[in-house]
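Analysis of the macromolecular model
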Amino acid sequence: MLLRHLPPEAALMRQGLPSSATGWGVAEFLLADLFHAFTGKAHPRRPEAQTRSERYRALRSRLEAQRARLNP
């Protein structure tokens, strides 16, 4: 519930972003969208979106690694 009120640039909010999106905040994504709107081409550095299954696999692997650290 409290996570919903964090700024988008907060570390916890950025956990779901692909690793190539490091440094990309809301403003950067909006500017990339404007670039696409004006040129008709995708911004060359815009990170690829993750699918729901990719996000789930990444979260599951992080949780399993955390479990392994906590229960040796």
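Coordinates for the structure precede this section.
The structure reproduced in this document is the subject of the present report. (Residues numbered from 1 in each chain as written. Predicted model: local features only at pLDDT ≥ 70, side-chain atom pairs only at ≥ 80, totals over all residues. Heavy atoms only, no water.)

This next bit is on the overall build of the chain. A count of helical and extended segments in the chain gives 2 helices and 0 strands. Out of the 72 residues belonging to the chain, those deemed buried represent 12%. By sequence separation, contacts in the chain at least 24 residues apart represent 24% of the contacts at least 6 residues apart. Accessible surface computed for the chain: about 6,400 Å², of which carbon and sulfur atoms make up 60%. (Helix = DSSP H or I, 4+ residues; strand = E, 2+ residues; numbered from the N terminus. Buried < 20%, exposed > 50% of the residue type's maximum accessible area, 1.4 Å probe, protein only. Contact = heavy atoms within 4.5 Å. Areas by Shrake-Rupley, 256 points an atom, 1.4 Å probe, with all protein chains shown as cover.)

Evaluated as defined, the whole model comprises 2 salt bridges. The salt bridge involving E64 is made with R60; its shortest N-O contact spans 3.2 Å. Highlighted residues: E64 and R60, both in helix 2 (residues 52-70), separated by 4 residues, approximately one helical turn. (Salt bridge = Lys/Arg side-chain N within 4 Å of Asp/Glu carboxyl O.)

To continue, consider a nonpolar patch on the surface. Together, L31, L34 and F38 line one region of the surface with nonpolar side chains, adding up to about 370 Å² of accessible area. Here L31 is to be found in helix 1 (residues 26-39). (Patch = residues over 30% accessible without salt bridge, like charges linked within 9 Å, V, L, I, M, F, W, Y side chains within 5 Å.)

Helix length check: helix 1, at 14 residues, gives a terminal C-alpha distance of 20 Å against a target of 20 Å (1.5 Å per residue), a fit within 8%. One or two positions beyond helix 1, positive phi appears at G40, with a value near 80°. (Expected span 1.5 Å × (residues − 1).)

Moving on, we come to the environment of H43. Relative to the helices and strands, H43 resides in the loop between helix 1 and helix 2. Along the backbone, H43 and A32 are 11 residues apart, and their C-alpha atoms lie at a distance of 5.6 Å. Side-chain polar atoms of H43 contact the backbone nitrogen of R45, separated by 3.1 Å. (Polar contact = N/O pair within 3.5 Å; in protein donor to acceptor, adjacent residues only side chain to side chain.)

Another aspect to go through is the environment of W24. Counting through the fold element by element, W24 comes out in the segment before helix 1. For W24, a relative accessible area of 13% gives the class buried. Between the C-alpha atom of W24 and that of R46, which follows or precedes it by 22 residues, the distance is 8.7 Å.

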